[in-house]
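The primary structure of each chain is shown beneath.
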Amino acid sequence: MNNFLAPIVSVLAGGALASAGLVGLISSQTSAPEQSPANAEAPAWDYGATE
Amino acid sequence: MGDTLRCLTVQAGAKGVAVRLVPWLWSAALAAVILGPALGPGYVLSYDMVWVPDLGLGRDALGVGSALPRTVPSDAFVAVLDEVVPGMVLQKLVLLAALVVAGAGAARLVGSRSLAVQVVAATCMVWNPFVAERLVIGHWPVLLGYAVVPWLLLLAGRWDVGSRMPVALPLLLVVGSLSASTGLATAVALVAAGARRDVRRWLLLGALLLAANAPWLVAGLAHAAAATSSAAAAEVYATSGEGWLPGPLAALGLGGIWNAQVVPGTRAGFLAVVALVVWVVAAVIGLRRGSAGIAPAAWRAAVTCWVLGYGVAVLGWAVPGVMGWLAASVPGGGVLRDSSRLLALTAPLVVVLVARGAGVVLDLVRDRGSRRVTAAVLVAVPILCLPDAGWGIRGQLRPIDYPQDLLDVRAASRAVPPGDLAVLPFSSYRVPRWNHGHPVVNPLPRLVDRDAVVNDELLIDGRTHPGEDPRARAVGEALALPTARARTEALLRIGVSGVVIEQFEGWDEPAFVGDALLANDLVTVIALEGRAGGQGHDARVEGAMPAAWVAWLVLIAGGATQNVIHVIRRMILRRRATAG
């Protein structure tokens, strides 16, 4: 039984970790930094945030 | 026998003075802890708070520019005073004075002989979310108004019909009216405390308020056509919830500012709920003392101020659309859009009730030693409920030295031919590395020795809210033109003769036709090639403003003279009493 379950658990855990890592990486690379120019042509910075 | 009596009287008098000084000294100590690093060398730049070495008295500061008079008369006040006291020192004095005067005013207003109760009142007035949040967002005129309100209630509350006007009143009104919204709060406090059933009193109050608020009032009326603001922006500025507390509950504990970035971290957690429960329970207990020890007119005024201040703050939260309509439809209606500013009016009653509640608890303790320990705990509670208000609001208020490259702009800007300057990137805010990466209003328009057109659009939550200044719109349109020649000619046509360009990584600065007068690592100053047209000065504004400034100056001069005469008279009386 153990020989049967171990690979499945490993694949699921590994898959979950990889997915979380990938989502985190993409999110950190694509979301705008908190205080950065809105775009390169006309930089503007947030005066504040309501949330 | 006589000598002994005199000696005892002098000793008692000295002790009385020492006791009266305690709330002032305690407030000063709290202010020093709150401001912390901000009191060190350098300028503290945070959101709307920009101080520079030498602020010029430009057209916008005098209310005759094309922008709405948001910094009238506060900029003129600073521009004149920094000729006497260096800007860096003046900023620290103003911030310290606001907190110390507020604390001492609350201690006096509480109407208790107990020093512990006075110190609790001072602590609550100085160490609370309103002070912390307005310090970070840089609303120093609002904090001065906040400091003035308890003193107005005290002095105007005791000002009986037929008696002399309190000598400090004119100067308090001037200090409490350095911007439109704080002028409004100050006016409410004065009328609530000083109005009596007497026509002459009403006329006098009206004249005092008109003179104290004349600069922004007249400039605002002269800009009436453009003095309506975006409805959507009014909704953004509404009183806001903090962490677990919805807007009305946050406002009850003097919090609720719209900008979540300036809210101390503990306000988002359980501690804010604990603080509110403690304050409300103490205030309810304090109600048992009624108005004992407080002049009836001052008590009624404190209640009126609370109802109006809290009412507007909650209205802003509950029906932001109405505030938006007001800002968009009624000239000057935008004054109320940051509705939680008026919570300054609620602070005196809240603080008095909480401190009186602490007094009731203290009275339950009979043993002298236990009483001292209880008093120390009661004083510490407001501080423990908001621990991150200390040390420059947990390091958010840190001084900087302006980079020399930026300071060099001042001399270079003087060589630009007649006309205004445009400062690029054309956006109102910056997050400079040299300011510890902290947001601040673009300081360059204040650093240059010329009038500069400032973009008054605001970016909040990534969304742009339009400004009101027609010249700023025209400059924005000129900058959007495709070629250097077209941009240059369009700017010259609207009276802009030079551009100051800040360098930012990843931004390709637009080109212009002209001579570079300065080019360093941070800034380029270009004198545009050609003659600038007229700046489109408004004759109505220029005609009306001198009268407004004269009225304001007369109030200051009259107030100062009254105070000098008062001090001299007291000195003479004291000398006569000592001689007798």
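Residues numbered from 1 in each chain as written. Chains lettered and ligands numbered in written order. Predicted model: local features only at pLDDT ≥ 70, side-chain atom pairs only at ≥ 80, totals over all residues.

A separate point is the overall build of chain A. Each helix and strand in chain A was counted, giving one helix and zero strands. Per-residue burial for chain A yields a buried fraction of 12% across its 51 residues. (Helix = DSSP H or I, 4+ residues; strand = E, 2+ residues; numbered from the N terminus. Buried ≥ 20, exposed ≤ 12 C-beta atoms within 10 Å, placed from the backbone.)

What follows deals with the overall build of chain B. The secondary structure content of chain B amounts to 22 helices and 11 strands. For 580 residues, the compact-globule formula gives about 25 Å, and the C-alpha radius of gyration of chain B, at 25 Å, lands near that figure. With the principal axes as the frame, chain B shows a C-alpha extent of 90 × 55 × 45 Å. Evaluated residue by residue, chain B yields a buried proportion of 53% over its 580 residues. In chain B, 78% of the contacts between residues at least 6 apart in sequence involve partners at least 24 apart. (Rg over C-alpha atoms; globule rule 2.2 N^0.38 Å. Contact = placed C-beta atoms within 7 Å.)

The next point concerns the environment of B:Arg574. Residues and elements named next belong to chain B. Tracing the backbone shows Arg574 in helix α22 (residues 539–579). For Arg574, a count of 10 C-beta atoms within 10 Å translates into the label exposed. Expressed as a C-alpha distance, the spacing of Arg574 and Ala557, which sit 17 residues apart in the sequence, is 26 Å.

The next subject is the interface of chain A and chain B. Counting residues at the interface gives 14 residues for chain A, matched by 22 residues for chain B. Along the lines of polarity and charge, the residues of the side of chain A that touches chain B split into nine nonpolar, three polar and two charged. (Nonpolar A, V, L, I, M, F, W, Y, C, P; charged D, E, K, R; others polar.)

Okay, the sheet that holds strand β10 (residues 514–519) of chain B next. What the five strands build is an open sheet, ordered β6-β3-β9-β11-β10 (chain B); its pairing is mixed. In this open sheet, the two edge strands, each paired with only one partner strand, are β6 (452–453) and β10 of chain B. (Pairing = 2+ DSSP bridges.)

To characterise two packed helices, one gives the angle between the axes of the helices and the distance between these axes. Residues and elements named next belong to chain B. It is the contact of helix α15 (residues 347–363) with helix α16 (residues 368–385), at a shortest axis distance of 10 Å, that shows an interaxial angle of 155°. What the angle tells us is that α15 and α16 run roughly antiparallel. For the pair α15 and α16, the sense of crossing is right-handed. The residues of α16 that touch α15, namely those facing Ala358, Val361 and Leu362, are Arg371, Thr374, Ala375 and Leu378. Of the residues contributing to the contact of α15 with α16, the split by class is five nonpolar, one polar and one charged. (Axes fitted to C-alpha atoms, helices over the stretch in contact; angles between N-to-C directions. Parallel < 35°, antiparallel > 145°, perpendicular 65-115°, else oblique. Left-handed = near helix turned anticlockwise from the far one by under 90°.)

On to the confidence of the model for chain B, then. Residues shown with low pLDDT carry predicted positions that ought not to be read at fine detail. Confidence in the prediction for chain B averages 93 pLDDT; 97% of positions are at 70 or higher. We note a pTM of 0.90 for the whole complex and an ipTM of 0.79 for its interfaces. (pLDDT = per-residue confidence, 0-100.)

Consecutive side chains along a regular strand alternate between the two faces of the sheet. All names here are of chain B. Buried residues dominate strand β3 (residues 420–424), accounting for five of its five residues. Going residue by residue along β3, you find Asp420, Ala422 and Leu424 tucked away on one face and Leu421 and Val423 tucked away on the opposite face as well. Sheet topology note: the β3/strand β9 (residues 496–502) ladder contains five bridges and is parallel. Following the sheet pairing, Leu424 is matched in β9 by Ile501.

A separate point is α15(B). With 17 residues, α15(B) extends 24 Å between its outermost C-alpha atoms, agreeing within 8% with the 24 Å of an ideal straight helix rising 1.5 Å per residue. Buried residues dominate α15(B), accounting for 13 of its 17 residues. (Expected span 1.5 Å × (residues − 1).)

Another point: the domain arrangement of chain B. All names here are of chain B. Parsing chain B into structural domains produces domain 1 (2–399) and domain 2 (402–528). Each of domain 1 and domain 2 has a C-alpha centre, and these two points are 35 Å apart. Taken together, the contact between domain 1 and domain 2 spans 25 residues of the former and 22 residues of the latter. For the side of domain 1 that touches domain 2, the leading source of residues is helix α10 (residues 231–236), giving three residues. (Domains from an automatic or database assignment.)

Taken over all residues, the pLDDT of chain A has a mean of 55, while the share at 70 or more is 18%. This model gives residues 20–40 of chain A a pLDDT under 50, and the stretch forms 17 contacts once residues within four places in sequence are excluded.

It is worth spelling out the pairing of β9(B) at this point. Residue and element names in this part refer to chain B. Most of β9 sits out of view: seven of its seven residues are buried. For β9 and strand β11 (residues 523–528), the ladder comprises five bridges, and the chain directions are antiparallel. Its bridge partner lying in β11, Gly498 is registered against Ala527.

A word on the nonpolar core. All names here are of chain B. Residues Ala121, Leu152, Leu153, Ala189 and Ala422 are the most contacted members of the largest nonpolar core, which totals 196 residues. Looking at which element gives the most residues to this core, the answer is helix α6 (residues 140–157), with 14 residues. The residues that make up this core include at least three from each of domain 1 (2–399) and domain 2 (402–528). Once residues lying within four places of it in the same chain are set aside, the contact partners of Ala121 are Ala106, Ala107, Val110, Val351, Val352 and Ala355. (Core = buried A, V, L, I, M, F, W, Y, C linked by C-beta atoms within 7 Å.)

Below, the discussion takes up unusual backbone geometry. Residue and element names in this part refer to chain B. A cis amide bond links Val72 with the next residue in sequence, Pro73, at an omega value of 0°. Structurally, the position occupied by Pro73 is in the loop between β1 (43–44) and α2 (74–81). Phi angles above zero are rare outside glycine, and Ile393 is one such case at about 50°. Tracing the sequence through the fold places Ile393 in helix α17 (residues 390–395).

What follows deals with helix α3 (residues 87–109) of chain B. Residue pairs three or four apart in sequence face the same way in an α-helix, which turns once every 3.6 residues. With 23 residues, α3(B) should cover 33 Å at 1.5 Å per step; its first-to-last C-alpha distance of 32 Å lies within 8% of that length. Note on α3(B): the residue one or two positions beyond its end, B:Gly111, has a positive phi of about 65°.

If you trace the backbone, A:Ala49 turns up in the segment after α1 (2–30). Those residues in contact with A:Ala49 that lie beyond four places of it in its chain are B:Asn259, B:Ala260, B:Gln261, B:Ile460 and B:Asp461.

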